[in-house]
Amino acid sequence: MRIAFVSAEAAPYAKVGGLADVAGSLPQALAALGNDVTLYLPLHATIDRARFGIPAKGTTRSVPFGARSVRTSYVATVRDGVRVVFVDHPKLLARDRVYGATDDNKRYAFFCRAVFEDLRATKPDVVHSHDWHAALLIPLVARGLRKAATVFTIHNLAYQGRTSAEVLGLIGLPRARLPIEDPNECNPMARAIAIADIVSTVSEQYAKEILTPAFGERLQDLLRSRRRRLVGITNGIDTRSFDPATDPSIPSHYSVDDPSGKAKDKTALQAEGGLAVDAKAPLFGVVGRLVEQKGVDLLTAAAPRILDGGGQLVVLGSGDPAYEAKWKDLAKKYAGKLWLTLGFDAALAQRIYAGSDLFLMPSRFEPCGLGQLISFRYGTVPVVHAVGGLAETVHDLDGNGAGNGFSFSSYKPEAFGDAIDRAMKRFRTDRWTDLVRRVMREDHSWSASAKRYVDVYKKAIKNRARKAG
Ligand code: GLC
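Residues numbered from 1 in each chain as written. Predicted model: local features only at pLDDT ≥ 70, side-chain atom pairs only at ≥ 80, totals over all residues. Heavy atoms only, no water.

(A) Summary view of the nonpolar core. Core analysis: the largest hydrophobic core is formed by 93 residues, its most contacted members being Ile154 and Ile193. Examining the composition of this core, we find that 9 residues originate from one element, helix α3 (residues 104-122), more than from any other. Residues contacting isoleucine 193, with those up to four places away along its chain left out, are Phe152, Ile154, Leu157, Val199, Leu219, Leu222, Leu223 and Arg226. Residues Phe242, Phe376, Ile420 and Trp432 belong to the second largest nonpolar core, which totals 65 residues. (Core = buried A, V, L, I, M, F, W, Y, C linked by side-chain atoms within 4.5 Å. Buried < 20%, exposed > 50% of the residue type's maximum accessible area, 1.4 Å probe, protein only. Helix = DSSP H or I, 4+ residues; strand = E, 2+ residues; numbered from the N terminus. Contact = heavy atoms within 4.5 Å.)

(B) Examining the pattern of salt bridges more closely. By the definition in use, this model includes 23 salt bridges. Notably, a salt bridge pairs lysine 294 with glutamate 366, separated by 3.0 Å at the nearest N-O pair. Highlighted residues: lysine 294 in the loop between β12 (283-287) and α10 (296-308) and glutamate 366 in the loop between β15 (358-361) and α13 (371-377), separated in sequence by 72 residues. Owing to a relative accessible area of 4%, glutamate 366 belongs among the buried residues under this scheme. Ionic pairing is found between arginine 422 and aspartate 396, a salt bridge with its closest N-O pair at 2.9 Å. Within this pair, whereas arginine 422 is found in helix α15 (residues 413-427), its partner aspartate 396 is found in the loop between α14 (388-393) and β17 (406-408), the two being separated by 26 residues in sequence. Residue classification places arginine 422 among the partly exposed positions, given a relative accessible area of 28%. The network of salt bridges with shared partners includes Arg113, Glu117 and Arg120. (Salt bridge = Lys/Arg side-chain N within 4 Å of Asp/Glu carboxyl O.)

(C) Examining the domain arrangement of the chain more closely. One can read the domain layout of the chain as domain 1 (2-236 + 446-468) and domain 2 (261-440). Once you take the C-alpha centre of each, domain 1 and domain 2 turn out to be 33 Å apart. A buried area of about 1,100 Å², summed over both sides, lies between domain 1 and domain 2, and 64% of it is on carbon and sulfur atoms. Seen at the junction of domain 1 and domain 2, the total is 0 salt bridges. At the junction of domain 1 and domain 2, the tally comes to 7 residue pairs in polar contact (both at pLDDT 80 or more). Elements that contribute at least two residues to the side of domain 1 that touches domain 2 include exactly α1 (18-23) and α7 (204-209). Sorting elements by how many residues they give to the side of domain 1 that touches domain 2 places α7 first, with 4 residues. The class makeup of the residues in the side of domain 1 that touches domain 2 is 5 nonpolar, 8 polar and 4 charged. (Domains from an automatic or database assignment. Buried area = accessible area lost by both parts, 1.4 Å probe. Polar contact = N/O pair within 3.5 Å; in protein donor to acceptor, adjacent residues only side chain to side chain. Nonpolar A, V, L, I, M, F, W, Y, C, P; charged D, E, K, R; others polar.)

Structure representation (structure tokens):
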């Protein structure tokens, strides 16, 4: 199959969140199954052309945008069997950030139209686009490239890209509005959901949750109407780059057969963060944005419980300024027990995954979550809110000792606190090493999920063929 995979971000070129990890590894897994995959990305100003060997020149095409026709270039490179095409337009696309520029809506609308122009020439079998930034490509393809099947993946329903209907005119889409839209509004994500041959999301559990008002972000009725075309496929991770046996970012390597290096990574992390070097202190790691979605309120409430209870905490992330301030205060109060780094540092993230005993993810909602999958790989036991992909992949250790982590169901500080207490208690038993080994044996590589995507593509192609008649 010839697949066009379209995303705003993909590792290693540009990474903000989990979408980049997926777009940076699923295409490779699909190519390994014998498919012909092209990944489309905007050429953000932050992408290091020299480092990635991205050529200066490529194919050029003229892209209709409003009344204008915009010369745009498509520069291509190949990575692990995947053709990567960067849409290059310095004025309309290149910003110093992937998200959060003032003209994001127009910028990503242009990106969709530009990708569409390339697809008209290359005629893929399937167009697979991700999240709101690539969502308007779905109606473009449905109207202008009727033979191509469309698949739209929701990574996070909370971001829909709602904007003025003006963008529709700019890229040549009719303004007819969806029942869910306000007058003069365009909701890119809703538009893709409404017409894609298949809509998917990143865990089976989240696929069910989004049909309810609590998680549907106002789109639950639309999603319910497309229920028969909605599937959940749980994300995998790139087990080659996330591998404690070879990871260049961590001081000591280890594996399930010989996990001894993990203790050294813990010592190194404690020393680096100015914490007491103590093998017996349960060390909790947090890597993620300090925002509501990620359960920062519960984390903040739980910190004293961990730190007064003999535990240690290493936090890497940034987010809501009010919470950043609270965490700065905590870090002062608990110096020597809590190490806080505001910002993002990919190598430090790896040292935290490797050096921690436990990993905290009390997310309010979580479409899939990759942190818990990475921590399994590094023998770090997750403590999670049982929601979305977290509920699907983390199973609480019951009395018999089965399971792979600790979880709690009701989103309340007491429930999280109880899970933390149980985790610290277990850590202090001689059964801990077995647990570390057990979680390291979990398989969350892409192999199973990539095959499921191939099935979804086949189903989408069938649907398309039937409709195109
Ligand atoms: C988004 C979701 C996260 C998911 C990731 C990749 O960041 O919030 O749960 O793992 O996308 O699909």
